[in-house]
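Here is how the chains run, residue by residue.
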Amino acid sequence: MANSVNYHVLESEMDSMLHDTDDATLKEETHSHSIGMRKTPMKSIIIMVLSIVLVLLILVVIGVLSVTYLNCQDEKPKIIVVLVDGLRWDLYNVSMSALKSVAENGVRAESMVPTFPSLSSPNMYSIATGLFSESHGVVHNLVFDVENKTQSHSFEEGLTVDYWWDQPGVEPLWITARRAGFKTGTIMYPGGSVSIKEMRPNKNVFYSFNATMKDGVDIAIEWLIDDDLDLVFLYNTSLDDTLHQYGVNSPQADAVVKEMDDGLGYLLQKLENHTLANSVNVIVVSDHGHHNITEVVPLFGRGVNRDDFEFYLEVYGPMTLLQPKEEKMDDVYETLKKIEHFHVYKKEEIPKDLHYRNNERIPSMLILGDLGTVLNVGLNSSSTVRSTHGWNSSYMEMHSVFYAQGPAFKEGFMSKSFTNVDVYPLMCKILGVTPRPNNGTLDIVQNMLTT
Ligand SMILES: [Zn+2]
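Residues numbered from 1 in each chain as written. Predicted model: local features only at pLDDT ≥ 70, side-chain atom pairs only at ≥ 80, totals over all residues.

Q: Mind showing me how you'd approach the overall build of the protein chain here?
A: Each helix and strand counted, the protein chain has 13 helices and 21 strands in total. A total of 451 residues make up the protein chain; the buried ones form 43% of that total. (Helix = DSSP H or I, 4+ residues; strand = E, 2+ residues; numbered from the N terminus. Buried ≥ 20, exposed ≤ 12 C-beta atoms within 10 Å, placed from the backbone.)

Q: Would you explain unusual backbone geometry in this entry?
A: Where the residue is not glycine, phi is negative for most of them; where a peptide bond is considered, it is trans in most cases. Cis geometry marks the peptide bond from Phe116 to Pro117, where omega comes out at -5°. The backbone of Tyr92 sits at a positive phi, close to 55°, despite the residue not being glycine. Phi at His355 is positive, roughly 50°, even though this residue is not glycine. Structurally, His355 is set in the loop between β15 (342–346) and β16 (365–369).

Q: What am I meant to see in helix α10 (residues 238–246) here?
A: Here α10 has its buried residues at Ser238, Leu239, Asp240, Thr242 and Leu243. Residue Gly247 follows α10 closely and has a positive phi angle near 95°.

Q: Sorry if this is basic, but what is going on with the sheet that holds strand β17 (residues 373–377) here?
A: Pairing between the strands of a sheet comes from backbone hydrogen bonds, and it takes one of two forms, parallel or antiparallel. The 3 strands are arranged β11-β17-β13 in an open sheet whose pairing can be described as mixed. Strands at the two margins of the open sheet, each flanked by one partner only, are β11 (295–298) and β13 (315–317). This sheet shows a mean twist of 20° between the axes of neighbouring strands, independent of strand direction. Sheet topology note: the β13/β17 ladder contains 3 bridges and is antiparallel. Bridge assignment links Tyr316 to a residue of β17, and that residue is Asn376. (Pairing = 2+ DSSP bridges. Axes fitted to C-alpha atoms, helices over the stretch in contact; angles between N-to-C directions.)

Q: Explain the confidence of the model for the protein chain to me, please; I cannot follow it from the model alone.
A: One rule of thumb: low pLDDT means the predicted coordinates there are not for detailed reading. In the predicted model, the protein chain carries a mean pLDDT of 88, and the fraction of residues at 70 or more is 84%. Across residues 61–73, confidence stays below pLDDT 50; counting only partners more than four residues off in sequence or on other chains, it has 0 contacts. (pLDDT = per-residue confidence, 0-100. Contact = placed C-beta atoms within 7 Å.)

Q: Whenever I open this one, the pairing of strand β9 (residues 280–285) confuses me. Can you help?
A: Along a regular strand, successive side chains alternate from one face of the sheet to the other. Within β9, 6 of the 6 residues are buried, which leaves it mostly tucked inside the rest of the structure. Side chains Val280, Val282 and Val284 of β9 all project onto a buried face; the interleaved residues Asn281, Ile283 and Val285 project onto the opposite face, where all are buried too. Looking at chain direction, β9 and strand β19 (residues 402–405) are connected through 4 bridges and run antiparallel. Of the residues in β19, the one forming a bridge with Ile283 is Ala404.

Q: Help me out: how do you make sense of the environment of Ser135 in this one?
A: Relative to the helices and strands, Ser135 is located in helix α5 (residues 133–136). For Ser135, a count of 22 C-beta atoms within 10 Å puts it in the buried group. A sequence separation of 222 residues divides Ser135 from Arg357, and the C-alpha atoms of the two residues are 9.4 Å apart.

Q: Where do I start with the sheet that holds strand β1 (residues 78–84) in this structure?
A: Ordered in space as β7-β6-β8-β1-β9-β19-β2-β20, the 8 strands form an open sheet in which the pairing is mixed. Only two strands of the sheet have a single neighbouring strand rather than two, namely β7 (203–205) and β20 (413–415). Neighbour-to-neighbour, the strand axes of the sheet open up by a mean angle of 10°, direction not taken into account. Taken together, the 4 bridges between strand β6 (residues 184–187) and strand β8 (residues 231–236) define a ladder with parallel strand orientation. Considered in β8, the bridge of Gly185 is made with Val232.

Q: When you look at helix α13 (residues 423–431) in this model, what are you seeing that I'm missing?
A: Spacing of three or four residues puts side chains on the same side of an α-helix, whose turn is 3.6 residues. Buried residues dominate α13, accounting for 8 of its 9 residues. Of the positions making up α13, those classed as buried are Val423, Tyr424, Pro425, Leu426, Met427, Cys428, Ile430 and Leu431. Each element contacted by the buried residues of α13 is listed here: β1, α4 (120–129), α8 (173–179), β8 and β9. Once α13 finishes, Gly432 follows within two positions and takes phi at roughly 80°, a positive value.

Q: Would you explain the packing of α10 against helix α11 (residues 251–273) in this entry?
A: Geometry of a packed helix pair, given as the angle between the helix axes and the separation of the axes. Between α10 and α11, whose axes approach to 9 Å, the crossing angle comes to 175°. As far as their axial angle goes, α11 and α10 are roughly antiparallel. Counted together, Ser238, Leu239, Thr242, Leu243 and Tyr246 of α10 and Gln252, Ala253, Val256, Val257, Glu259 and Met260 of α11 form the full contact between these two elements. Class assignment for the residues of the contact of α10 with α11 results in 7 nonpolar, 3 polar and 1 charged. (Parallel < 35°, antiparallel > 145°, perpendicular 65-115°, else oblique. Nonpolar A, V, L, I, M, F, W, Y, C, P; charged D, E, K, R; others polar.)

Q: Please clarify how the packing of helix α3 (residues 97–105) against α11 should be interpreted in this entry.
A: Interaxial distance between α3 and α11 falls to 7 Å at its minimum, and their mutual angle equals 50°. Here α3 is positioned oblique relative to α11, judged by the angle of their axes. Along its contact with α3, which presents Ser97, Ala98, Leu99 and Ser101, the element α11 presents Asp261, Leu264, Gly265 and Leu268.

Q: What should I look at first to understand the environment of Glu326 in this one?
A: The residue Glu326 is located in the loop between β14 (319–324) and α12 (329–337) in this model. Along the chain, Glu326 and Asp308 lie 18 residues apart, while their C-alpha atoms are 9.1 Å from each other.

Q: What is the right way to read the environment of Pro318 from this model?
A: By the element assignment, Pro318 lies in the loop between β13 and β14. In the structure, Pro318 is positioned 52 residues away from Asp370 in sequence and 7.7 Å away in space, judged by C-alpha atoms. If near-sequence neighbours (up to four positions away) are discounted, Pro318 is found in contact with Leu368, Gly369, Val374, Thr388, Gly390 and Trp391.

Q: Just checking my understanding: could you explain the pairing of β17 for this structure?
A: Note: β11 against β17, 4 bridges, orientation parallel. The partner of Glu295 across the bridge, within β17, is Thr373.

This is the structure we're talking about:
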């Protein structure tokens, strides 16, 4: 009760004060009018204060809107593509905890189907352009010229030959996105070191044989933060090199799978530390799988010899390209058809589903081994290659990976397999960039997106 009384007392005192104030204000107001504004009336002070508060409020609202706008600018979609060369869809049964966390927080595909041939450069360019190799023209890791009878002998050599990548109608995403106002960068990624339609990515690191995944991640993070890049392609070759040298399921290769996973974990942690995890979409892909070699067949000395050809691509691998002399065409064809575990196709016979016919760089004949069998075409040295790739992309052993997480992707979603040309339209959709004409389709892959 006492409290109640006191409350009423207080209330009445306040009433009185308020009335007093009102009276005083009125008096002051009357007075000020009479003496010509010599004293500031109380009501004017209140209006002035309210006006100042209102102006301040407007300024605060404008400020908040500006910051929100700037944040929206900052939060435009960003993508980092991590390409682990040779990571097979089944991860070679090695536990990859960082990659597993990407699948849990985001999406994965059962597998990703390479384009033919399941070689590195053709597939990395398919991922970047959405085109089959017959459409983008990077029809082999090796750069060759049938007319001039020349060829490169290493993957690295081809990475600096502009014309091999710069073809009419062919534009990788780092160029298309740059045209659309995004800042782009490529780290050792094939095609990133050459000029395409006289353009390059904003930033590029040339192919380096010894670079670790963590080296690449450090550069990518610096670009995303300091240089405000929106799209980065990061490539690492270590796993593929080790698989070639030691074979599938070797302790050495398994150790590098772990190393790749550590590098990926390092990237995820860095994104988290720099509060980029909610703004950067991470896409982890590979170009093809790997399989141990079971049989090596020398091409020459089995009824055909070097003189029968205008051109042959010297390789140690599952497939090669041949240009028999016109008059030898049928003999060569019939002879090569007899080699067990190999398929020989005249250009016009190459199965349509390989999408490997409609390009003038492809000479008149393709020879392709069954899984495990490789050709030695014109190379004298005995090779120490234990495992390789390049076989028909329909073999599960050639299938690659697709994992992704970030604001654009659902959580914990598993997609059925799709072809790697579908990654390009998917990335265009995330960035809001109009895709160039391509062979991909959004039908399957857009199920992985939140919108
Ligand atoms: Zn590769």
